[in-house]
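Report on the structure
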Amino acid sequence: MIRLPMYAAFSLLATASAAYYAFSSREQFYPAMVYLSTSKICFVLLLNTGLVAMCVAWQLARRLFLGSLREAEVERLNEQSWREVIEILFAVTIFRQDFSVSFLAMVAALLLVKALHWLAQKRVEYIETTPSVPLLSHIRIVSFMVFLLTVDCLFLSNSLRSLIQKREASVAIFFSFEYTILATSTLSTFVKYIFYVSDMLMEGQWERKAVYTFYLELISDLVHLSLYMLFFIAIFLNYGVPLHLIRELYETFRSFRIRIADYIRYRKITSNMNERFPEATSEELDASDATCIICREEMTTAKKLLCGHLFHVHCLRSWLERQHTCPTCRAPIVPADNGRAASSRQHGAQAGVQPVLYL
Ligand SMILES: [Zn+2]
Ligand SMILES: [Zn+2]
């Protein structure tokens, strides 16, 4: 495979030689420029150089803010880019009458900007689940999110301006919509990251974090859902049914429903943690190696799950925000109905236990 720097060098060389040829054969500036802008070969060369310049800028941003990518990040990049390319091709067919070189360049830029957003999200997830992250990583990810927000806003204002100037439906609707979605997701990731840092500064004792995170995600899902609907209606009125949007509209709606169901389940489990999970006895602590697998620190007091594994109570609470299975053995933390009835009777905590709600 040809590496990007080599390809970039070749492209630059080819463009430079085309320019050199134009100026040496036409001798004057104006005819040379006419030749450069009308010759098909020159056009392809310039287009190619433009795309290469974008890729180089992308690589620079990636290296500056993220450094080398982890395996999971590369995987996400590969997985999502194909899906995204197909969806963008669908969108392009809707706006085919606007097709032009600048449209093509905007689509390429959108894809590259989107890829940076996926990487940022993945990196934030990684930082939030890794115990000790160096300060430099925090500084980098914060500046990365600020950078992405700035880029989103620049593109968004650009598309909105062209929409207002032309006063008619054009592909600018599509770009305005895409960059609004990107900007709001970045904002929500950023706020979630602030929650995470605040929780970390309180040494994982911030109990309201899950509630705030839930409301944040609920609001961001609601905003996305309404944006999708708006865009859907705008396209429907001007162009016809936007088939490529149906899947995303459905997925946004589904994630909204799952979020509410998850939250209700989380509240049910954590509302009575003290009664639901028995305190580990000192014999049980001695029998295990007394290390909490979630934070890797020693336990003096611990909560025992039904499967017998022990954890700090605050570690367990933050774990339950993400998962409802035991961190050690993956057994469900809330067992099936009859199991729970039996165990709650055993621990004498019948009063607080209610059936888990599934929407
Ligand atoms: Zn712990
Ligand atoms: Zn377990």
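Basis of the calculations
- Residues numbered from 1 in each chain as written.
- Chains lettered and ligands numbered in written order.
- Predicted model: local features only at pLDDT ≥ 70, side-chain atom pairs only at ≥ 80, totals over all residues.
- Heavy atoms only, no water.
- UniProt positions renumbered as here; feature names shortened; annotations may be inferred.
- Donors = N, O, S within 2.8 Å, 3.2 Å for Na, K, Ca; no water.
- Helix = DSSP H or I, 4+ residues; strand = E, 2+ residues; numbered from the N terminus.
- Domains from an automatic or database assignment.
- Contact = heavy atoms within 4.5 Å.
- Buried area = accessible area lost by both parts, 1.4 Å probe.
- Salt bridge = Lys/Arg side-chain N within 4 Å of Asp/Glu carboxyl O.
- Buried < 20%, exposed > 50% of the residue type's maximum accessible area, 1.4 Å probe, protein only.
- pLDDT = per-residue confidence, 0-100.
- Axes fitted to C-alpha atoms, helices over the stretch in contact; angles between N-to-C directions.
- Parallel < 35°, antiparallel > 145°, perpendicular 65-115°, else oblique.
- Nonpolar A, V, L, I, M, F, W, Y, C, P; charged D, E, K, R; others polar.
- Phe/Tyr/Trp six-rings, centres within 6.5 Å; stacked < 30°, edge-to-face > 60°.
- Expected span 1.5 Å × (residues − 1).

An unreviewed UniProt entry annotates the protein chain as RING-type E3 ubiquitin transferase of Zea mays. Taken verbatim from the UniProt record of the protein chain, the Catalytic activity (unreviewed entry) comment is "S-ubiquitinyl-[E2 ubiquitin-conjugating enzyme]-L-cysteine + [acceptor protein]-L-lysine = [E2 ubiquitin-conjugating enzyme]-L-cysteine + N(6)-ubiquitinyl-[acceptor protein]-L-lysine." Comment text from UniProt for the protein chain, heading Pathway (unreviewed entry), reads "Protein modification; protein ubiquitination."

So, about the coordination of the zinc ion (ligand 1). Donor atoms from the polypeptide that bind the zinc ion (ligand 1) are Cys 292 (SG), Cys 295 (SG), His 312 (ND1) and Cys 315 (SG), placed at 2.0 to 2.3 Å. Here the donor residues of the zinc ion (ligand 1) share one chain and are spaced in sequence as C-x2-C-x16-H-x2-C. Taken together, the positions of Cys 292 in the loop between helix 11 (282-287) and strand 1 (303-304) and Cys 315 in helix 12 (residues 313-322) put the pair 23 residues apart, joining distant regions of the chain.

Bringing the coordination of the zinc ion (ligand 2) into the picture now. Protein-derived coordination of the zinc ion (ligand 2) comes from Cys 307 (SG), His 309 (ND1), Cys 326 (SG) and Cys 329 (SG), at a distance range of 1.9 to 2.3 Å. Donor residues binding the zinc ion (ligand 2) come from one chain and are separated in sequence as C-x1-H-x16-C-x2-C. Here Cys 307 is found in the loop between strand 1 and strand 2 (310-311), whereas its partner Cys 329 is found in the loop between helix 12 and helix 13 (337-347), with 22 residues between them in sequence.

When its domains are assigned, the protein chain resolves into domain 1 (1-64), domain 2 (69-220) and domain 3 (272-347). Distance between the C-alpha centres of domain 2 and domain 3: 36 Å. Each partner contributes to the interface: domain 2 provides seven residues, whereas domain 3 provides four residues. Between domain 2 and domain 3, a total of about 560 Å² is buried, with carbon and sulfur atoms accounting for 45% of that surface. The largest contributions to the domain 2 side of the interface with domain 3 come from Glu 207, Lys 209 and Ala 210, which together make up 42% of the buried area.

Tallied over the entire structure, the rule returns 13 salt bridges. With a shortest N-O distance of 2.5 Å, Arg 247 and Glu 87 are connected by a salt bridge. In this pair, Arg 247 is assigned in helix 9 (residues 243-271) and Glu 87 in helix 4 (residues 71-94), connecting sequence segments 160 residues apart. When its relative accessible area of 9% is taken as the criterion, Glu 87 is described as buried. Lys 303 serves as the salt-bridge partner of Glu 279, at 3.3 Å between the closest nitrogen and oxygen. Of this pair, Glu 279 sits in the loop between helix 10 (273-276) and helix 11 while Lys 303 sits in strand 1; the two residues are 24 residues apart in sequence, bridging distant segments of the chain. Exposure remark for Lys 303: the relative accessible area of 3% places this residue in the buried category.

Let us now look at the confidence of the model for the protein chain. Here the protein chain averages 83 in pLDDT, and 92% of its residues register 70 or above. Taken element by element, the protein chain is modelled with least confidence in helix 13, mean pLDDT 40, and with most confidence in helix 6 (residues 135-166), mean pLDDT 93.

With that settled, consider the environment of Trp 58. Along the chain, the position of Trp 58 falls in helix 3 (residues 40-66). Each C-alpha atom, one on Trp 58 and one on Leu 305, is 47 Å from the other, the two residues being 247 residues apart in sequence. Leave out the neighbours within four places in its chain, and Trp 58 touches Leu 77, Leu 112, Ala 115, Leu 116 and Leu 119.

Look at the UniProt record and you will see "domain: RING-type" (unreviewed entry) annotated at residues 292-330. Annotation note: span residues 292-330, helix share 26%, strand share 10%, distance between end C-alpha atoms 15 Å.

Between helix 7 (residues 171-201) and helix 8 (residues 209-238), the least distance of the axes is 11 Å, while the angle of their chain directions is 180 degrees. Accordingly, the angle class assigned to the pair helix 7 and helix 8 is roughly antiparallel. Among the residues making up the contact of helix 7 with helix 8, the classes are represented as 14 nonpolar, eight polar and four charged.

Applying the stated criterion across every chain, the model contains 15 aromatic pairs. Here the aromatic rings of Phe 65 and Phe 144 are separated by 5.0 Å at their centres, their planes lie at 20 degrees, and the arrangement is stacked. Of this pair, Phe 65 sits in helix 3 while Phe 144 sits in helix 6, placing them 79 residues apart in sequence. On the basis of relative accessibility, which here comes to 0%, the residue Phe 144 falls in the buried class. Taken together, a centroid distance of 5.2 Å and an interplanar angle of 65 degrees make the contact between Phe 177 and Tyr 228 edge-to-face.

With that settled, consider the environment of Arg 296. Tracing the chain through its elements places Arg 296 in the loop between helix 11 and strand 1. For Arg 296, a relative accessible area of 62% corresponds to the exposed category.

Here we come to the environment of Arg 267. Checked against the element boundaries, Arg 267 lands in helix 9. Note: C-alpha distance between Arg 267 and Phe 177 (90 residues apart in sequence) is 34 Å.

Along its 32 residues, helix 6 runs 47 Å from first to last C-alpha, staying within 8% of the 46 Å computed at 1.5 Å per residue. Those residues of helix 6 not exposed but buried are His 138, Ile 141, Phe 144, Met 145, Leu 148, Leu 149, Val 151, Asp 152, Leu 156 and Ser 159. Those residues of helix 6 hidden inside the fold are in contact with helix 3, helix 5 (101-129) and helix 7. Just downstream of helix 6, Arg 167 is the residue with a positive phi angle, here 55 degrees.

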